[in-house]
Amino acid sequence: MTGAASERMTMTRHLLVVATRCGAVGQPDALERAASTLHAALTDPALKAMSGPPVVSFADPADARLRVMTAARTAGRAGATLVLAVLGAARGNHYVTADGAMVDLRQLLQDCAEIVPLTALLDLHGAAHPVTVDGGTVLTAATDDLRATFALSAVITAGDPAGDEHITLDPALAATIGATLTGDPVPLVPNRVWVPHLLGEVIGPLGRATVDRLLHAWGEFPVPPVWTRERFDELRAAVESAQDTLGTRRILHTHSALFYAVRAAECARELDLSTDAIRAAATAVGLTGDGSGSGLLVRVLEDAALNGSARGKPKAAVARLLVALAKAVGAGGEHPALRTWAADAHAEPELRDAASEVHVPLAGRKELRLVVSLAAEAPLWPDAVEAYLLRPGQSPTPQTVFESDRTQAGAEAAIGQALAWADGRLRPGERLRHLDLAAPAHLLATWYPERSRPGRFFLGARHQVLTQWTGWLDPTTYRADLHDNAHDVLHRVGATAGVPLDPLGADALGDLDVLDERLANSEFTGAIAIDHRPADLAAVLDLLLPYCPILLWPREEGEGWLTALYERWGSLPEGLASAYRDGSPLRCLRSVWHDEDWLVFGRRLARREMNPPTAS
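Residues numbered from 1 in each chain as written. Predicted model: local features only at pLDDT ≥ 70, side-chain atom pairs only at ≥ 80, totals over all residues. Heavy atoms only, no water.

> Please give an account of the overall build of the protein that cites residues and values.
When its secondary structure is counted, the protein shows 23 helices and 18 strands. Counting over 616 residues, the protein shows a buried share of 50%. Counting only contacts in the protein whose residues sit at least 6 apart along the sequence, the fraction spanning at least 24 positions is 68%. Accessible surface computed for the protein: about 27,000 Å², of which carbon and sulfur atoms make up 50%. (Helix = DSSP H or I, 4+ residues; strand = E, 2+ residues; numbered from the N terminus. Buried < 20%, exposed > 50% of the residue type's maximum accessible area, 1.4 Å probe, protein only. Contact = heavy atoms within 4.5 Å. Areas by Shrake-Rupley, 256 points an atom, 1.4 Å probe, with all protein chains shown as cover.)

> So, the pairing of strand S11 (residues 384-390): which residues are in play, and what are the values?
Judged by how many residues are buried, S11 sits mostly within the fold: 5 of 7 residues are covered. When strand S10 (residues 369-373) meets S11, the two strands line up antiparallel, connected through 5 bridges. Residue Val 372 lies in a different strand from S11, and its bridge partner there is Ala 387. (Pairing = 2+ DSSP bridges.)

> How would you summarise the nonpolar core if you had to cite specific residues and measurements?
Side chains of a nonpolar character, in soluble globular proteins, are inclined to be buried together. Core analysis: the biggest nonpolar cluster contains 79 residues, and Leu 370, Leu 541, Leu 551, Leu 565 and Trp 569 have the highest contact counts within it. Those residues in contact with Leu 565, other than ones at most four positions away along the chain, are Leu 501, Ala 529, Leu 552, Leu 572, Leu 586 and Leu 589. If you look at the next biggest cluster of nonpolar residues, it comprises 53 residues, including Leu 215, Leu 271, Ile 278 and Ala 324. (Core = buried A, V, L, I, M, F, W, Y, C linked by side-chain atoms within 4.5 Å.)

> Would you mind going over the packing of helix H19 (residues 512-520) against helix H20 (residues 537-544) in detail, with residue names and values included?
Each pair of packed helices can be described by the angle between their axes along with the distance between the axes. Relative orientation of the contacting elements H19 and H20 amounts to 20°, with a least axis distance of 10 Å. As far as their axial angle goes, H20 and H19 are roughly parallel. Note that H19 runs across H20; the crossing there is right-handed. Across the interface between the two elements, Leu 512, Leu 515, Asp 516 and Leu 519 from H19 touch Ala 539, Val 540, Leu 543 and Leu 544 from H20. For the contact of H19 with H20, the class distribution of residues is 7 nonpolar, no polar and 1 charged. (Axes fitted to C-alpha atoms, helices over the stretch in contact; angles between N-to-C directions. Parallel < 35°, antiparallel > 145°, perpendicular 65-115°, else oblique. Left-handed = near helix turned anticlockwise from the far one by under 90°. Nonpolar A, V, L, I, M, F, W, Y, C, P; charged D, E, K, R; others polar.)

> How would you sum up the environment of Ala 120? Please name residues and give values.
As for its position among the elements, Ala 120 is in strand S5 (residues 118-127). For the pair Ala 120 and Val 17, spaced 103 residues apart in sequence, the C-alpha to C-alpha distance is 9.9 Å.

> Can you lay out the packing of helix H9 (residues 246-268) against helix H13 (residues 336-345) for me, pointing to particular residues and giving the numbers?
H13 packs onto H9 with a crossing angle of 155° between their chain directions and a minimal axis gap of 9 Å. The angle between the axes of H9 and H13 places the two elements in the roughly antiparallel class. Between H9 and H13 lies a crossing of right-handed hand. Residue-level contacts link Phe 259, Tyr 260, Arg 263, Ala 264 and Cys 267 of H9 to Ala 337, Thr 340, Trp 341, Asp 344 and Ala 345 of H13. When the residues that make up the contact of H9 with H13 are grouped by side-chain class, the tally is 7 nonpolar, 1 polar and 2 charged.

> I'd like a rundown of the sheet that holds S11, residues and numbers included.
The 5 strands lie next to each other as S12-S11-S10-S13-S14, forming an open sheet whose pairing is mixed. What marks the edges here is a single partner per strand, and that holds for strand S12 (399-403) and strand S14 (464-469). Adjacent strand axes in the sheet meet at a mean angle of 20°, parallel and antiparallel pairs treated alike. Relative to S14, strand S13 (residues 434-439) runs parallel, the two being bridged by 6 bridges. Bridge assignment links Leu 435 to a residue of S14, and that residue is Val 465.

> Explain the packing of aromatic side chains to me, and be specific about the residues and the numbers.
Pairs of aromatic rings are described using the distance from one ring centre to the other and the angle between the two planes. Applying the stated criterion to the full structure yields 6 aromatic pairs. Taking 5.5 Å as the distance between ring centres and 85° as the angle between the ring planes, the aromatic pair formed by Trp 381 and Trp 447 counts as edge-to-face. Here Trp 381, found in the loop between S10 and S11, pairs with Trp 447, found in the loop between helix H16 (441-444) and helix H17 (459-462); they are 66 residues apart in sequence, far enough to count as distant. The same class applies to Trp 381 as to Trp 447, namely buried. Note on Tyr 388 and Phe 601: the rings are 5.2 Å apart at their centroids and 75° apart in plane angle, and the pair reads as edge-to-face. Here Tyr 388, found in strand S11, pairs with Phe 601, found in helix H23 (residues 596-606); they are 213 residues apart in sequence, far enough to count as distant. Its relative accessible area of 4% is what places Phe 601 among the buried residues. Among the aromatic residues, those joined into a ring-pair cluster are Tyr 388, Trp 598 and Phe 601. (Phe/Tyr/Trp six-rings, centres within 6.5 Å; stacked < 30°, edge-to-face > 60°.)

> Any details on the environment of Trp 561? Residues and values, ideally.
With respect to the helices, strands and loops of the structure, Trp 561 is situated in helix H21 (residues 561-567). A C-alpha to C-alpha distance of 9.1 Å links Trp 561 and Asp 531, two positions 30 residues apart in sequence. Not counting residues up to four positions away in its chain, the partners in contact with Trp 561 are Ile 530, Asp 531, His 532, Pro 554, Pro 585, Leu 586, Cys 588 and Leu 589.

> Tell me about the environment of Pro 185, and name the residues and values.
Its place among the elements puts Pro 185 in the loop between strand S8 (180-182) and strand S9 (186-190). In this structure, the C-alpha to C-alpha distance between Pro 185 and Leu 169, residues 16 residues apart in sequence, is 5.3 Å.

> Please give an account of the pattern of salt bridges that cites residues and values.
Here the structure, examined in full by the defined rule, presents 19 salt bridges. Notably, a salt bridge pairs Arg 147 with Asp 144, separated by 3.4 Å at the nearest N-O pair. Classification of Arg 147 as partly exposed rests on a relative accessible area of 46%. A salt bridge links Arg 208 to Asp 212, with the nearest nitrogen and oxygen atoms 3.1 Å apart. In this pair, Arg 208 and Asp 212 both sit in helix H7 (residues 205-218), 4 residues apart, roughly one turn of the helix. Assessed through its relative accessible area of 24%, Arg 208 is described here as partly exposed. Salt bridges here are not isolated pairs; linked through shared partners, they connect Asp 144, Asp 145 and Arg 147. (Salt bridge = Lys/Arg side-chain N within 4 Å of Asp/Glu carboxyl O.)

Next comes the structure, spelled out in structure tokens:
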């Protein structure tokens, strides 16, 4: 891989897929299906490659320029590469918009490439010749049935067993799918079936440096420029047939230890690991390492194996790290991937020991917070509010109830009482900054709690206020399958590169029965942002909230908030609280943002694993 390609691979990616149908020109029947298939392949959460809005179309040339340049600016502000896929009809190098007008596609892409790194995927019925863009990489196909798009999607979805770490846009791939490449080759997405070779360029320096040093001292086996699996197997055969010396024994021990590490890396691919999970697991077993992703995984596995080998226990050391990796992502020590490794390494006892010994602290919110629940039937305010003081590590949870009078003023006064109650239970040096207010959909649609003023100050002035949904706390609305779905969504959001956001426009909300079917079919895999304020917002929230642990919408129509959301995603949800004070475009944004801690708390309360509070 070239230096430029490697550099681009470290960048985040923003995706825009365009598929425009014009009745005035002949187009493939499969246009929409090809676009959605490509979009799904590129944004597959398992690849963590890129994110972006759903497939769009160009109404006219002005709309085309607006959409593409907006995407380019969004990617540029995030320091990302723009991946732009354009499917449809062309005349020469001009793209046909829905109204039958023409867009100079090459010029549009060139303008885009002036402000952001650009990778373009074009499949254009009627295109005259490949599009070339200075400073950009363009894959051009001119098929009448979009077979190049389907072929590329298939390669991404299936992976390339003979390929490298990434599916790369290069002349070989272009020829395979029937397209032409202009510009430098660039990695597009991770190769889902790629497995690091035992010793090679993808391995960190530790394993190679150790083996090379031993071979230089032995002098009976040439050190190859690249350690392939074949050369590594040849090394073992050569050492086993050589005279038994202290040097050959050391090489065999090192070979065995690294075999355990590499087989573990292969099996660990089934755990859907993130860099944070790898670091948490390594810390739990006393290891550290530089880098990220697969490079970090190989580094810490080699470290575990070689240090374990020095103590005569490489299997046990690798088993402990594997168990920690599984537990860091919520799996157990009996995960099938771990059993596969243990069988291959003949390490079943070591795995059982590790499963009982290794503990990985679960990630979560570590701060003290007050949860206040305002459960009520629409359209009423509650006749009582429940308060819970959540302190990490404390059980049972301090809790109580305050009466209200079914009015907004009464509920806000009860929140003030709850804050006073919590303040009276603070330990020396503690300060209550975090306030989670759980409310039903009809209140979330109209109430702005950070502007509540139960005392001298607005709630949002002195507390970080986050709004949640009471449905997660209610035994009548709690369902295990909804809880599991929310957990899966949060895991994907945390593991996905870029902004894992599914915007919902007016078209998607036009028929709530259809939307309900889409939700039930798990078509939305990330956070959801309603890009406008629907007239029936309460009904929309009531439908979406059981399926969407992270849901955002504007409290009024405004400009710039969706762009700001993409730009500041990494600061959320805490950044929402500060936005209400600092005047950013996000100040008009409403949200529910349930994290893993909230789901655990809600499950315990809904399943009556902890009793609801009674009046103090």
